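Listed here are the chains, written in short residue letters.
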Amino acid sequence: MTEDVLAGDGVWSDETDWEIADLVGEQEGEEHLAMPTLAVVGRPNVGKSTLVNRILGRREAVVEDVPGVTRDRISYEASWSGRRFLVQDTGGWEPDAKGLQQHVARQAEVAMATADAILLVVDATVGATATDEAAVKKLRRSKIPVILVANKVDDQRVESEAASLWSLGLGEPRMVSAAHGRGTGDLLDDVLDVLPETPREGTGGAGPRRVALVGKPNVGKSSLMNKLSGDERSVVHDVAGTTVDPVDSLVDLGGKIWKFIDTAGLRRKVANASGTEFYASLRTKSALEASEVAIMLIDASQPITEQDLRVISLVADSGRALVLAFNKWDLVDEDRRLQLEKEVDRELIRVPWAQRVNISAHTGRAVQKLVPAMETALESWDKRIPTGRLNTWLKEVVAATPPPMRGGRLPRVLFATQASTRPPTFVLFTTGFLEAGYRRFLERRLREEFGFDGSPVRISVRVREKRDRKK
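Not measured: the values here are computed from a predicted model. (Residues numbered from 1 in each chain as written. Predicted model: local features only at pLDDT ≥ 70, side-chain atom pairs only at ≥ 80, totals over all residues. Heavy atoms only, no water.)

**Regarding the overall build of the protein**
Then, in step 1: When helices and strands are tallied, the protein shows 14 helices and 16 strands.
Then, in step 2: Evaluated residue by residue, the protein yields a buried proportion of 49% over its 471 residues.
Then, in step 3: In the protein, the share of contacts with a sequence separation of at least 24, taken over all contacts with a separation of at least 6, comes to 70%.
Then, in step 4: Carbon and sulfur atoms make up 48% of the accessible area of the protein, which totals about 23,100 Å². (Helix = DSSP H or I, 4+ residues; strand = E, 2+ residues; numbered from the N terminus. Buried < 20%, exposed > 50% of the residue type's maximum accessible area, 1.4 Å probe, protein only. Contact = heavy atoms within 4.5 Å. Areas by Shrake-Rupley, 256 points an atom, 1.4 Å probe, with all protein chains shown as cover.)

**Some details on the pairing of strand 14 (residues 413–420)**
Then, in step 1: Counting buried positions along strand 14 gives 7 out of 8 residues, so the element sits mostly inside the fold.
Then, in step 2: Bridge count between strand 14 and strand 15 (residues 425–430): 6 bridges; the pairing is antiparallel. Note that in strand 15 the partner of Ala 416 across the bridge is Leu 428.
Then, in step 3: Between the antiparallel neighbours strand 14 and strand 15 lie 4 residues, among them Arg 422 with a positive phi of about 60 degrees. (Pairing = 2+ DSSP bridges.)

**Brief notes about the side chain of Thr 184**
Then, in step 1: Here Thr 184 lies in helix 7 (residues 184–194).
Then, in step 2: Not counting residues within four places of it along the chain, the set of residues in contact with Thr 184 comprises Leu 51, Arg 54 and Val 176.

**Notes on helix 7**
Then, in step 1: Where helix 7 is concerned, the buried positions are Thr 184, Leu 187, Leu 188, Val 191 and Leu 192. An end-on view of helix 7 places all buried positions within 140 degrees of arc, on one side of the element. When the buried face of helix 7 is taken as reference, the exposed residues oriented beyond 90 degrees from it are Asp 186 and Asp 193. (Arc of directions from axis to C-beta.)

**Considering unusual backbone geometry**
Then, in step 1: Cis rather than trans, the peptide bond between Arg 422 and Pro 423 has omega equal to 0 degrees.
Then, in step 2: Within the element layout of this structure, Pro 423 appears in the loop between strand 14 and strand 15.
Then, in step 3: With phi around 65 degrees, Asn 218 is a residue other than glycine that occupies positive phi space.
Then, in step 4: Inspection of the secondary structure puts Asn 218 in the loop between strand 8 (209–214) and helix 8 (221–229).
Then, in step 5: The backbone of Ala 366 shows a phi angle near 60 degrees, a positive value even though the residue is not glycine.
Then, in step 6: Take Ala 366: it is sitting in the loop between strand 13 (355–358) and helix 12 (370–381).
Then, in step 7: You can call Ala 366 buried: its relative accessible area is 9%.

**Considerations on the nonpolar core**
Then, in step 1: Leu 224, Trp 258, Phe 260, Ile 295 and Val 323 are the most contacted members of the largest nonpolar core, which totals 28 residues.
Then, in step 2: Breaking this core down by element, the ones donating at least two residues are strand 8, helix 8, strand 9 (247–253), strand 10 (256–262), strand 11 (293–299), strand 12 (321–327) and helix 12.
Then, in step 3: Per-element tally for this core: the top contributor is helix 12, with 7 residues.
Then, in step 4: In terms of nonpolar packing, the next biggest core, distinct from the first, is built from 24 residues, Trp 93, Ala 115, Leu 120 and Leu 148 among them. (Core = buried A, V, L, I, M, F, W, Y, C linked by side-chain atoms within 4.5 Å.)

**Here we look at the environment of Ser 229**
Then, in step 1: Mapped onto the secondary structure, Ser 229 falls in helix 8.
Then, in step 2: For the pair Ser 229 and Leu 250, spaced 21 residues apart in the sequence, the C-alpha separation amounts to 7.5 Å.
Then, in step 3: In contact with Ser 229, other than residues within four places in its own chain, are Ser 249 and Val 251.

**Remarks on the side chain of Asp 308**
Then, in step 1: Tracing the chain through its elements places Asp 308 in helix 10 (residues 306–318).
Then, in step 2: If near-sequence neighbours (up to four positions away) are discounted, Asp 308 is found in contact with Lys 216, Met 296, Leu 297, Ile 298 and Pro 303.

**A word on the environment of Thr 431**
Then, in step 1: Relative to the helices and strands, Thr 431 resides in the loop between strand 15 and helix 14 (436–450).
Then, in step 2: Given the relative accessible area of 26%, Thr 431 is considered partly exposed.
Then, in step 3: In the structure, Thr 431 is positioned 18 residues away from Val 413 in sequence and 6.7 Å away in space, judged by C-alpha atoms.
Then, in step 4: Discounting chain neighbours no more than four positions away, the residues touching Thr 431 are Leu 410, Pro 411, Arg 412, Leu 414, Val 463 and Arg 464.

**Comments concerning the packing of helix 13 (residues 387–400) against helix 14**
Then, in step 1: Between helix 13 and helix 14, the least distance of the axes is 11 Å, while the angle of their chain directions is 125 degrees. The pairing of helix 13 with helix 14 is recorded here as oblique in orientation. As for the relative orientation of helix 13 and helix 14, their crossing is right-handed in sense. Here Arg 389, Leu 390, Trp 393, Leu 394, Val 397 and Val 398 of helix 13 come into contact with helix 14, specifically with Tyr 438, Phe 441, Leu 442, Arg 445, Leu 446, Glu 449 and Phe 450.
Then, in step 2: Taken together, the residues of the contact of helix 13 with helix 14 sort by class into 10 nonpolar, no polar and 3 charged. (Axes fitted to C-alpha atoms, helices over the stretch in contact; angles between N-to-C directions. Parallel < 35°, antiparallel > 145°, perpendicular 65-115°, else oblique. Left-handed = near helix turned anticlockwise from the far one by under 90°. Nonpolar A, V, L, I, M, F, W, Y, C, P; charged D, E, K, R; others polar.)

**Quick word on the packing of aromatic side chains**
Then, in step 1: All told, the structure shown has 4 aromatic pairs when counted by the stated rule.
Then, in step 2: Ring geometry for Trp 393 against Phe 450: centres 5.8 Å apart, planes inclined by 65 degrees, an arrangement best described as edge-to-face. Taken as a pair, Trp 393 in helix 13 and Phe 450 in helix 14 lie far apart in primary sequence, 57 residues in all. Of the two residues examined, Trp 393 and Phe 450, each falls in the buried class.
Then, in step 3: Taking the centre distance of 5.9 Å and the plane angle of 80 degrees together, the rings of Phe 426 and Phe 452 count as edge-to-face. (Phe/Tyr/Trp six-rings, centres within 6.5 Å; stacked < 30°, edge-to-face > 60°.)

Here it is as structure tokens:
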């Protein structure tokens, strides 16, 4: 019956569904409990990402037969024997790395410090190297459980060679072949033995919040990424469309780590795009689906365009939290500000709830204001309203402003529940259909009462089925 209530055709027939819907709402909130984190670390090109894919049972991490493909700490949700946990893929760790590799190594070190258990991956065909020994020395100083993984053990010959890895002092090396799956099931059994049920206090467990930078081409997304990260991670050029692949960066802002994804500018509808533009559009949509909040960059010095509105619609349809960043504010004079206010009121009527920040990615003006805007939007996106409080509010609103008559009858709103978060989704149980205008009115009053700044809110209606009266 639960599916009929929340995902059916908008009809329900039994008041007991109210209790079911309430229970579904409470269970939905439990889905986001923090999970322990397993970090997969090691020097470059030992097969960490291949092992991560094997643990996940699906191809998520990018794998290529050259060192240095993985640069960021990337978290994926995994499960084994009924237990869920996060697997954190890291870039190759080297103690004396320079330049970009130094940043990669630093992120791997953060993973080592914040994980609840660690897999140190070593290439069994090469044996223990000086880098492996340096990693062991670093890991021994922590009190986190460490499992030594001898990867690329494809046959018995390599297995005998891998026995020499006992010399690293981390106990018995678990011999696996991530490429072929050999030994990974036994490895995961060992992982569950040392992995705690819940994350260590203060480590989080859900990983960094994920932020997608979106907008039309040449609006300043890559410039903002570089300003936030303090590093030339994204290539910046005056030619529109410089960025094709999404570029990930872990950025420390306001004392918290955020994962930013710089995406390609969406120039036109995917159906009309071709070549790299087509694939860039698909990757941008994929990055948006993987994010939690989107920062939509708009060129404040120019009129709001159809491209801007198309990207905003894409974000709104995806159900992500939203921050509107009006970039190039250093180029805006008083006349343009007045004109922009009129454009916002006229063009952005679909997302009046979005957080707004005026910035300059080039000069760094007010970029620090993005943090409180994102935090507010994510807090709204995660917000859950208790059912009792929701229905007390609803009763007062409907009594003061009843829904309009439909077919000569006045629909009654009987009950409401919050079915889910991310974004907040509410289900109203009624005796008749509610007009779209009245649903917008309820959303507006819902926001006035409970906030939800920066997050979309979805309201669906379930109409009670008419019962046949038997004479």
